[in-house]
Amino acid sequence: MINVSVLGYGTVGSGVVDIIRENNELISGRIGQEIRTKYVLDLRDFPGDPVEDILVHDFDIIKNDPEVQVVVETMGGLHPAYEFVKACLEQGKSVCTSNKALVADFGPELIQTAKEHNASFLFEASVGGGIPIIRPLQSSLNPDEILEISGILNGTTNYILTEMTDKGSDFDSVLSDAQNLGYAEADPTADVEGHDACRKIAILTSLAYGKNLDFKDIYTEGITNITDRDIIYAGKLGAKVKIFGSSKETGGRVSAMVAPVMIYPDNPLYSVDGVFNAILVKGNMVGDVMFYGQGAGKLATASAVVSDVMEAAKNQGSTVEIQWSEEPLSLVPFSENKNMFFVRVSGSKADNEAKVKEFFGAVDAVDVGFNDEYAFITEKMTEGDYQKAADSMGNVINKIRISI
C-alpha cells in the first residue's frame, strides 16, 4: 500500500486527489501496489466534499505518520511550503511538488536532503504543467550536450500576445479579458513581468547543465511595454511577438534571458498560440526536440504531479537521481549577449535617419505608415552596445529582440 498525503487542497491539490481516486485501478496496477490518499492538509473545511473524512489541519499528523510514504505539496509560495517539504524529506518521505517558486529557490538543497534520507524530491509539474519536460531532460536527452533551450513558458502572456495579434487589441483590454476568463490572476505581475517564466527557465537550465542558475541573475523583461503598434510592425515583417525564456551554452558559459522576441514562421514556436506552452530543446546529437501542451490547468498539472507520485512509489527506499548541484553556473555577462533589435524611435524618418546611422550603424527601415515615429532593425550587436546607442538617441519608444 502506498499512502499519499496532499498539502493544499486548491486547484492542483484537488486535481491530484481526483486523479488518484478516478484512475486508482490503473495507477495501482502500474506501480505494482495499491495507492490511496490518506490525508489532505488545508486550513479550510470542506463539508460534504469527498475529502472531509481525511482532512487534517495539523501538519505534524502527516510528518509523524510512518505509513505516509509520499507527500504532494501544492500549497504554493515559499513558506511554510519549504519548511513542510524539508521536514517530510528528513522523515524519509518522498515529496512531489508543482511549486516552481519552491524549486527555483531551494531545488539543489531539497534534492540533496532527499538523497541523504533515501527519498526523492520530484517536480515535473513545476515548469510545463502537464507538459513532460523535467524527466525527458534527465533521461531521454541524457546522452546529449544541451546547446540551447527556448520556450513559451507562460500561458497567460502567450494568450495576451495571441489576442493582440489576432484581434488588433491593446494590452490593457486583452489583460482585462484574460482576467475575466480566469487565464490571468487578479494581480498578474508574476506573469506579465516575466517572473514566472524566469523561474521556469532557471529550473530547466540548471537541470540541463547540472549546476545552479539563480533566477535572480537572469535578465527579465515582461510584455507590459508591447503595444498594438509593435504587433502591426511584426505583421509587416511576417513575424509574431512572443515572450521567451531562453538559455544557450557558449564556450563553456551560459547566457540566459526572459524577454519578448519577434519570431518568424521557420521557428517551431511560431504556431504556439493561446494558452498553450512549448519548450524547444536543442541537443548536439538529437537536434531540435519540442514539447508542447497545456502549461497549466487543474487536471493537466495534477496529472504531471501524479506521474511523480508513481515514480516515487516505484522507488521507495531509494532516491530518483536528479543532476542539479549547488555549484553556480558560469553566466555570460548580459552586456556581452548578442542580438538583432527591432527599434522604434519618436519623430519622423527625416528627424532620425542621420542619428540612427551615427549610433546604430547600418539598419533596415520598417515602414507601416506612422508619421510620428521611425522604426528599424539593427545588425547583430551586443546588449551593451545597443544600450549605449539607445541612450545616445534618447528617444527610443520600444525595442524587441529578433530571434536568430
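Attention in this report is confined to the structure presented alongside it. Model, not experiment: these values are computed from the prediction.

## Concerning the overall build of the protein
Right, so step 1: For the protein, the helix and strand inventory stands at 15 helices and 17 strands.
Right, so step 2: Against the compact-globule benchmark of 22 Å for 404 residues, the protein has a radius of gyration of 23 Å, which places it among compact chains.
Right, so step 3: The dimensions of the protein, computed from C-alpha atoms along their principal axes, are 75 × 45 × 35 Å.
Right, so step 4: Split into buried and exposed, the 404 residues of the protein put 53% on the buried side.
Right, so step 5: The long-range fraction of contacts in the protein, counting pairs at least 24 apart against all pairs at least 6 apart in sequence, stands at 73%.
Right, so step 6: In the form shown here, the protein has an accessible surface area of approximately 17200 Å², with 47% of it arising from carbon and sulfur atoms.
Right, so step 7: The protein carries 34 positive and 59 negative side-chain charges, and their two centres are separated by 4 Å.

## Comments concerning helix α4 (residues 81-90)
Right, so step 1: Taken across its 10 residues, α4 has seven buried, putting it largely inside the fold.
Right, so step 2: Taken as a whole, α4 has its buried residues at Ala81, Tyr82, Phe84, Val85, Ala87, Cys88 and Leu89.
Right, so step 3: Backbone geometry just downstream of α4 places Gly92 in the positive-phi region, at approximately 80°.

## Re the sheet that holds strand β6 (residues 121-122)
Each strand in a sheet pairs with its neighbour through backbone hydrogen bonds, running either in the same direction (parallel) or in the opposite one (antiparallel).
Right, so step 1: One open sheet accounts for six strands, arranged β3-β2-β1-β4-β5-β6; its pairing is parallel. The open sheet terminates on both sides in strands that have one partner only, identified here as β3 (55-56) and β6.
Right, so step 2: The pairing of strand β1 (residues 2-7) with strand β2 (residues 35-41) spans six bridges and is classified as parallel. Counted as the bridge partner of Ile2 is Ile35 from β2.

## Structural notes on the nonpolar core
Right, so step 1: Ranked by size, the top nonpolar core spans 108 residues in total, and within it Phe121, Phe123 and Ile160 carry the most contacts.
Right, so step 2: In terms of residue count, the dominant contributor to this core is helix α13 (residues 298-314) (eight residues).
Right, so step 3: For Phe121, the residues in contact, after removing those within four places along its chain, are Val85, Leu89, Val95, Thr97, Leu102, Val103, Gly107, Leu110, Ile111, Ala114 and Ile322.

## Things to note about the packing of helix α2 (residues 24-31) against α13
Right, so step 1: Packing of α2 against α13 leaves a shortest axis separation of 9 Å and a crossing angle of 35°. Read as a crossing pair, α2 and α13 show a hand that is right-handed. Between α2 and α13, the contacting residues are Ile27, Arg30 and Ile31 on the first element and Val306, Met310, Ala313 and Lys314 on the second.
Right, so step 2: Split by residue class, the contact of α2 with α13 holds five nonpolar, no polar and two charged.

## A closer look at the side chain of Thr156
Right, so step 1: Relative to the helices and strands, Thr156 is located in helix α8 (residues 155-167).
Right, so step 2: Thr156 gets classed as buried once you look at its relative accessible area, which sits at 8%.
Right, so step 3: Aside from chain neighbours lying at most four places away, what touches Thr156 is Tyr183, Ala184 and Asp191.

## So, the environment of Glu336
Right, so step 1: Inspection of the secondary structure puts Glu336 in the loop between α13 and β13 (338-346).
Right, so step 2: Once the C-alpha coordinates of Glu336 and Thr382 are considered, the two residues, 46 residues apart in sequence, prove to be 5.4 Å apart.
Right, so step 3: With near-sequence residues (within four places) excluded, Glu336 lies in contact with Arg253 and Thr382.

## Notes on unusual backbone geometry
Trans is the prevailing form of peptide bonds, just as negative phi is the prevailing case for residues other than glycine.
Right, so step 1: With an omega of 10°, the peptide bond running from His79 to Pro80 counts as cis.
Right, so step 2: As for its position among the elements, Pro80 is in the loop between β4 (68-73) and α4.
Right, so step 3: Notably, Asn118 is not glycine yet its phi reads approximately 55°, a positive angle.
Right, so step 4: Summarising the element assignment, Asn118 is placed in the loop between α5 (100-116) and β6.

## Overview of the pattern of salt bridges
Right, so step 1: Scanning the entire structure with this criterion turns up 26 salt bridges.
Right, so step 2: Two residues, Arg21 and Glu22, come together in a salt bridge whose shortest N-O distance is 3.8 Å.
Right, so step 3: Exposure remark for Glu22: the relative accessible area of 59% places this residue in the exposed category.
Right, so step 4: Salt-bridge contacts for Glu221 lead to Arg401; the nearest nitrogen and oxygen are separated by 3.2 Å. Pair noted here: Glu221 is in the loop between β8 (219-220) and α12 (228-236) and Arg401 is in strand β17 (residues 396-402), with a separation of 180 residues, a long-range link. The same class applies to Glu221 and to Arg401, which are both buried.

The rules behind the values
Residues numbered from 1 in each chain as written. Predicted model: local features only at pLDDT ≥ 70, side-chain atom pairs only at ≥ 80, totals over all residues. Heavy atoms only, no water. Helix = DSSP H or I, 4+ residues; strand = E, 2+ residues; numbered from the N terminus. Rg over C-alpha atoms; globule rule 2.2 N^0.38 Å. Buried < 20%, exposed > 50% of the residue type's maximum accessible area, 1.4 Å probe, protein only. Contact = heavy atoms within 4.5 Å. Areas by Shrake-Rupley, 256 points an atom, 1.4 Å probe, with all protein chains shown as cover. Lys, Arg positive; Asp, Glu negative; His and termini not counted. Charge placed at Lys NZ, Arg CZ, Asp CG, Glu CD. Pairing = 2+ DSSP bridges. Core = buried A, V, L, I, M, F, W, Y, C linked by side-chain atoms within 4.5 Å. Axes fitted to C-alpha atoms, helices over the stretch in contact; angles between N-to-C directions. Left-handed = near helix turned anticlockwise from the far one by under 90°. Nonpolar A, V, L, I, M, F, W, Y, C, P; charged D, E, K, R; others polar. Salt bridge = Lys/Arg side-chain N within 4 Å of Asp/Glu carboxyl O.

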